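# Survey of secondary and tertiary structure
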Amino acid sequence: MAHLLLIDALNLIRRLYAVQERPYLPVTDDVAEGTKTQIIRNTENMLRQALARLQQELAPSHAVLVFDGRNSLWRKTLYAEYKANRKPMPTILADALPGLQQCAKTLGFDSVQQDEYEADDIIASIAVKLAQHGQQVTIVSTDKGFLPLLSPHIQIYDAFARQHQTEEAVQQKFGVSTAQLVRYWSLVGDSTNNIPGVNGIGPKGAHDLLALGATLTEALEHPDCHKKLREKILQHKEQIKVFMQILALKTDVQLGLNLQDMRIQPVVAP
């Protein structure tokens, strides 16, 4: 059976890049050319080390780095404030991405991106398709947005903490199952994506509501649903629907890839 690593490329690379942020080595655009070169070289070296470590720790047969598309704007079309609180990528790093992709390729790791979609949607689509065919997939990312995908065939690995995510850890941290996470974040908010949630509904209210049914509709129809909570949800029904659409990962992106395209290529010595 194949074991595919789907690497959330920018999640990994931006963390490696940020490690270098020190008073004497600012990770900003306003630095000397020599310093820029050193930052890029350091990032490439750390990427090589990270990919080698992933191979050693997880023993994949296939792997691919997945990057965001340049025109992945459909979520902003639904909600203009989506990710509006995030800092733009430093120009130094943006300019270095092609070189970093080539660096990964020399280790046998190819890269994938699709213009209209974020890496998350591409990763989710590949993972779900392969899981349906009984293949083992590990998503390498610290992004909690992948947690709803956890299943016997889809694992999520934090390369920095060096640990797999689990259903039990999700339940302990958020108080709901992985199947309820998108509904939960839509209600209480998700600061990572600048989703405000519903004003006046905190974790306790969300937990109480979601415990009453597998879906919001079921929960609202339950006789134990508090009247004021029901009214608040119905008042913000369309807003919640948009938030759920934004936070749910697409699993139907067509890429035209097959498993063979993602096999780790053996490194040929010069």
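Our subject in this report is the structure included herewith.

Conventions used here
- Residues numbered from 1 in each chain as written.
- Predicted model: local features only at pLDDT ≥ 70, side-chain atom pairs only at ≥ 80, totals over all residues.
- Heavy atoms only, no water.
- Helix = DSSP H or I, 4+ residues; strand = E, 2+ residues; numbered from the N terminus.
- Rg over C-alpha atoms; globule rule 2.2 N^0.38 Å.
- Buried < 20%, exposed > 50% of the residue type's maximum accessible area, 1.4 Å probe, protein only.
- Contact = heavy atoms within 4.5 Å.
- Salt bridge = Lys/Arg side-chain N within 4 Å of Asp/Glu carboxyl O.
- Phe/Tyr/Trp six-rings, centres within 6.5 Å; stacked < 30°, edge-to-face > 60°.
- Axes fitted to C-alpha atoms, helices over the stretch in contact; angles between N-to-C directions.
- Parallel < 35°, antiparallel > 145°, perpendicular 65-115°, else oblique.
- Left-handed = near helix turned anticlockwise from the far one by under 90°.
- Nonpolar A, V, L, I, M, F, W, Y, C, P; charged D, E, K, R; others polar.
- Core = buried A, V, L, I, M, F, W, Y, C linked by side-chain atoms within 4.5 Å.

Bringing the overall build of the chain into the picture now. Along the chain, the regular secondary structure elements total eleven helices and six strands. Computed over C-alpha atoms, the radius of gyration of the chain comes to 20 Å, within 12% of the 18 Å expected from 2.2 N^0.38 for 270 residues, which places it in the range of a compact globule. By its C-alpha atoms, the chain is 70 × 50 × 30 Å across when sized along the principal axes. Counting only residues that meet the buried cut, the chain has 44% of its 270 residues in that class. If you take every contact in the chain between residues at least 6 apart in sequence, the share linking residues at least 24 apart comes to 72%.

This paragraph deals with the environment of Lys232. With respect to the helices and strands, the residue Lys232 is situated in helix H10 (residues 227-235). Residues Lys232 and Asn199 lie 33 residues apart in sequence; the distance between their C-alpha atoms is 8.9 Å. Those residues within four positions of Lys232 in sequence are excluded, and the remaining contacts are Val198, Asn199, Gly200 and Ile201.

It is worth spelling out the pattern of salt bridges at this point. Under the criterion given, the structure shown has nine salt bridges. The closest approach of N and O atoms between Lys144 and Asp190, which form a salt bridge, is 2.6 Å. Here the residue Lys144 occupies a position in the loop between strand S4 (136-140) and strand S5 (154-158), and Asp190 occupies one in the loop between helix H7 (181-188) and helix H8 (203-210), the gap between them amounting to 46 residues. Judged by relative accessible area, which is 21%, Lys144 ranks as partly exposed. On the accessibility criterion, Asp190 (4% relative accessible area) is buried. Here Asp208 and Lys204 are joined by a salt bridge, their closest N and O atoms 2.9 Å apart. Of this pair, Asp208 and Lys204 are both found in helix H8, four residues apart, which corresponds to roughly one turn of the helix. Residue class for Lys204 comes out exposed when judged on its relative accessible area of 61%.

Let us now look at the packing of aromatic side chains. In total, this model carries three aromatic pairs according to the counting rule given. Their ring planes at 80 degrees and their centres at 5.4 Å tell us that Tyr79 and Phe243 sit as a pair that is edge-to-face. Note that Tyr79 is positioned in the loop between helix H3 (74-78) and helix H4 (91-105) and Phe243 in helix H11 (residues 237-247), a separation of 164 residues in sequence. Phe243 gets classed as buried once you look at its relative accessible area, which sits at 1%. With 5.7 Å between their ring centres and 80 degrees between their planes, Phe174 and Trp185 make a pair best called edge-to-face. Taken together, the residues span a long stretch of sequence, with Phe174 in helix H6 (residues 167-174) and Trp185 in helix H7 at a distance of eleven residues. With respect to burial, Phe174 and Trp185 carry one shared label: buried.

Another point: the packing of H7 against H8. H8 packs onto H7 with a crossing angle of 140 degrees between their chain directions and a minimal axis gap of 9 Å. Classed by the angle they form, the pair H7 and H8 counts as oblique. Considering how the two elements wind past one another, H7 and H8 form a crossing that is right-handed. Side by side, H7 and H8 meet where Arg183, Tyr184, Leu187 and Val188 of the first sit next to Pro203, Ala206, His207, Leu209 and Leu210 of the second. A per-class count over the contact of H7 with H8 returns seven nonpolar, one polar and one charged.

The next thing to look at is the nonpolar core. Residues Leu6, Ile139, Leu149, Phe174, Leu187 and Leu209 are the most contacted members of the largest nonpolar core, which totals 49 residues. Counting residues per element, this core draws most heavily on helix H5 (residues 119-132), at nine residues. Excluding anything up to four places from it in sequence, Leu187 contacts Gly197, Val198, Ile201, Ala206, Leu209, Leu210, Leu216, Ile233 and Ile240. Core analysis: the next-biggest nonpolar cluster, separate from the first, contains 29 residues, Ile7, Ala50, Leu65 and Tyr157 among them.

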